[in-house]
Structures are given as C-alpha cells and as structure tokens.
Amino acid sequence: MRTWFITGGTPGGFGLVYAEAALAQGDQVAVTARRPSELQEWAEPYGDRVLVLQLDVTDAEQVRAAVRTAEKRFGGIDVLVNNAGRGWFGSVEGAPDETIRRTFDLNLFAVVEVIRAVLPGMRARGDGWIVNMSSVAGRVGAQGFGYYSAAKFALEGLSETLRQEVEPFGVRVLVVEPGAFRTKAFAGFQDEPVNETVDAYVPMVEGVKAAFVAHNGKQEGDPERGVRAVISAMNAPVPPQRIVLGNSGYDVVVAMHENALAELRANEELSRGADF
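Student: When you look at empty space enclosed by the protein in this model, what are you seeing that I'm missing?
Tutor: In this approach a probe as big as a water molecule rolls over the atoms, and the regions it shows empty are the leftover space. Under the definition given, this model contains one cavity of 30 Å³ or more. For the largest cavity, the full set of lining residues is T7, V57, N82, N83, A84, L106, A110, V111 and V114. For the lining of the largest cavity, the leading source of residues is helix α4 (residues 97–125), giving four residues.

Okay, here's the thing in structure tokens:
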C-alpha cells in the first residue's frame with residue numbers, strides 16, 4: 001500500500017481524480033485544499049485512508065507543516081502529485097505585475113517548496129515518485145497565457161534536472177502535459193475581469209477569455225481516463241519521462257517537435273559554423 005500526497009484537491013479537478021484512483025487500488029491519500037471543508041463529505045466513506053489537509057501551497061510554512069503531518073499519519077509519502085495550479089490571462093507586455101508574480105508563485109515556486117519538503121523522506125527510503133502536472137502550454141506557448149506558459153516551461157526544465165539528481169536515490173519524476181480536460185479549470189474565467197494594462201492587447205485578451213468560457217464543459221479530455229494513463233505510465237516496465245494527455249494536445253506537441261526539428265536542420269550550417 002502506497003501513500004499519495006496530492007496538492008490542489010479542489011472538487012471538479014484532477015486532484016480528486018488522482019485520489020480516487022489511488023484509493024481504488026488500495027492506497028492511502030493525503031489531499032490538500034485551500035478550503036478543506038469542501039472535501040469533508042467526499043472523504044468520509046474512506047475513513048482513515050484519507051487525510052484532508054488545509055494548505056495554501058504558496059505558503060512555505062504551511063507546506064512543510066502539511067508534509068510533516070502526512071508523514072506522521074502515514075509513515076511516509078511514496079507518491080507526490082503536484083497538481084495545484086492555474087493560469088490568468090493577459091499579454092506579455094500588459095499583464096499586471098501582481099498577475100505575473102502570483103502565476104509563478106503558484107505554478108513554479110510552490111511546486112519547488114512541496115518537492116523540497118517531500119524529498120528528504122523519499123531519499124531516506126530510497127524510493128518514490130514525483131508527478132508534476134505541467135500542461136501542453138508548457139511545451140507550446142499559449143497566446144494570452146504567456147506567463148502561465150513560462151511558468152510551466154520552467155517546471156519542465158526543473159523536472160528534467162530534478163530527474164537526473166534524484167534517480168540515484170530511487171526517486172522517479174514524471175511530467176504530465178494535459179491538453180483541454182473537462183475539469184472546472186475554465187469555469188472561473190466567466191466572472192474574471194480583463195485586467196490588461198495595455199489597450200492594444202485588450203481585444204486579443206478578451207478573445208482568449210471568450211474562447212475559454214465558450215469551451216467550458218466541452219473539453220475533449222476525460223480526467224478519469226487521463227489519470228489512468230498516468231498510472232499506467234508509472235507502472236510501465238520503462239516509465240516515460242513525460243506523457244501528453246489528450247488527442248488535441250498530442251497532435252499539437254508532435255507538430256511542435258516536428259517543426260522545431262525541421263527548423264533546426266534547416267539552420268544546421270549556421271549552428272555548426274559558430275565554433276572556432
């Protein structure tokens with residue numbers, strides 16, 4: 001029986017889908033949320049196999065306290081799922097400073113804090129999984145979500161290096177890159193104001209917002225199938241380093257890599273000519 005520590009357990013998101021999948025295979029789960037009262041009814045049927053923790057992942061002290069509590073309750077953490085995160089729309093030039101900072105605080109720096117809190121226990125036991133929820137936007141830039149893409153690109157790079165550093169200790173790292181999935185991720189955009197500071201980008205940003213609002217509830221991705229794919233990847237004889245989830249996301253990422261490779265080869269002479 002493994003113990004999972006899952007951030008971002010807000011109902012309607014990937015977090016609880018991960019938790020339910022872990023519980024279905026006989027594991028135990030610590031789930032965090034800003035408003036743990038929302039999870040009380042959900043958690044009751046599972047009894048002692050579920051621990052719900054109040055956590056704002058951008059608060060480093062809360063992160064360390066939550067990890068200590070989970071380790072004390074269950075004896076250790078075997079699987080960490082860094083699921084908490086979200087994006088705010090805005091142009092690269094005109095997004096408010098506050099939006100930029102909270103985007104990185106939530107999607108990158110908070111993940112770092114959770115990883116650093118969980119890793120000592122995993123290293124001591126010589127085993128563990130770190131599952132970082134990235135996005136297709138962490139491989140292909142998303143117009144109107146430049147800072148979300150930037151934070152996810154950074155998470156991808158962090159995960160690459162982390163994988164190399166922790167592998168000798170028996171800890172594995174998997175990056176998950178979902179496309180559009182039918183969670184509540186888009187629901188909050190309806191009432192969110194456009195706080196764009198540069199008028200020239202307002203039509204673009206409003207168009208991006210409208211597209212997300214219109215697509216809410218129509219996303220092609222099935223969260224339950226997505227999580228099953230992640231668990232299958234973790235259990236594979238040779239686990240992948242990353243997995244893209246969803247048809248549209250897969251096609252976008254494949255096209256990006258093919259175009260990048262073609263461009264790289266087209267400029268091979270320039271690249272190789274830069275040496276002495």
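Student: Mind showing me how you'd approach the sheet that holds strand β3 (residues 50–54) here?
Tutor: Strand pairing in a sheet relies on backbone hydrogen bonds. The paired strands run either parallel or antiparallel. Taken in spatial order, the seven strands make up an open sheet running β3-β2-β1-β4-β5-β6-β7, and their pairing is parallel. The open sheet has two edge strands, β3 and β7 (242–245), and neither has a second partner. Taken pair by pair, the neighbouring strands of this sheet meet at an average axis angle of 15°, ignoring direction. Sheet topology places strand β4 (residues 79–82) next to strand β5 (residues 128–133); four bridges connect them, and they run parallel. Note on β5: the bridge partner recorded for V81 is V131. Across the face of the sheet, helix α1 (residues 14–24) comes into contact with β1 (3–6), β2 (28–33), β3, β4, β5 and β6 (171–178) while running at roughly 170° to β2.

Student: Looking at this structure, I do not really get the packing of aromatic side chains. What am I missing?
Tutor: Any aromatic ring pair is given by two values, namely how distant the centres are and how the planes are angled relative to each other. A complete count under the given rule lists five aromatic pairs for this structure. Centre to centre, the rings of F89 and F145 are 6.3 Å apart; their planes meet at 85°, and the pair counts as edge-to-face. Taken together, the residues span a long stretch of sequence, with F89 in the loop between β4 and α4 and F145 in the loop between β5 and α5 (146–166) at a distance of 56 residues. Residue F89 is classed as buried on the basis of its relative accessible area, which comes to 8%. We classify F145 as buried; its relative accessible area is 5%. The structure contains a cluster of three or more aromatic residues connected by ring pairs, namely F89, F145, Y148 and F212.

Student: Please explain the packing of helix α3 (residues 60–74) against α4 as it appears in this structure.
Tutor: To characterise two packed helices, one gives the angle between the axes of the helices and the distance between these axes. One can describe the packing of α3 onto α4 by two numbers: an axis separation of 9 Å at closest approach and a directional angle of 30°. Our classification of the angle between α3 and α4 gives roughly parallel. When the axes of α3 and α4 are compared, the crossing they make is right-handed. Residue-level contacts link A60, V63, R64, V67 and E71 of α3 to E113, V114, A117, V118 and G121 of α4. Its residues assigned to classes, the contact of α3 with α4 shows six nonpolar, one polar and three charged.

Student: Teacher, can you tell me more about the packing of α4 against α5 here?
Tutor: Between α4 and α5, the least distance of the axes is 8 Å, while the angle of their chain directions is 15°. Between α4 and α5, the interaxial angle falls into the category roughly parallel. At the point where α4 passes α5, the crossing takes the right-handed sense. Across the interface between the two elements, I100, T103, F104, N107, L108, V111, V112, I115 and L119 of α4 pack against Y147, Y148, A150, A151, K152, A154, L155, L158, L162 and V166 of α5. Its residues placed into classes, the contact of α4 with α5 shows 16 nonpolar, two polar and one charged.

Conventions adopted
Residues numbered from 1 in each chain as written. Predicted model: local features only at pLDDT ≥ 70, side-chain atom pairs only at ≥ 80, totals over all residues. Heavy atoms only, no water. 1 Å grid on protein atoms, 1.4 Å probe; cavity = no way out; pocket = protein on both sides within 12 Å on 5 of 7 lines; lining within 4 Å. Points joined across faces, edges and corners; volume = space filled by probe spheres on them. Helix = DSSP H or I, 4+ residues; strand = E, 2+ residues; numbered from the N terminus. Pairing = 2+ DSSP bridges. Axes fitted to C-alpha atoms, helices over the stretch in contact; angles between N-to-C directions. Contact = heavy atoms within 4.5 Å. Phe/Tyr/Trp six-rings, centres within 6.5 Å; stacked < 30°, edge-to-face > 60°. Buried < 20%, exposed > 50% of the residue type's maximum accessible area, 1.4 Å probe, protein only. Parallel < 35°, antiparallel > 145°, perpendicular 65-115°, else oblique. Left-handed = near helix turned anticlockwise from the far one by under 90°. Nonpolar A, V, L, I, M, F, W, Y, C, P; charged D, E, K, R; others polar.

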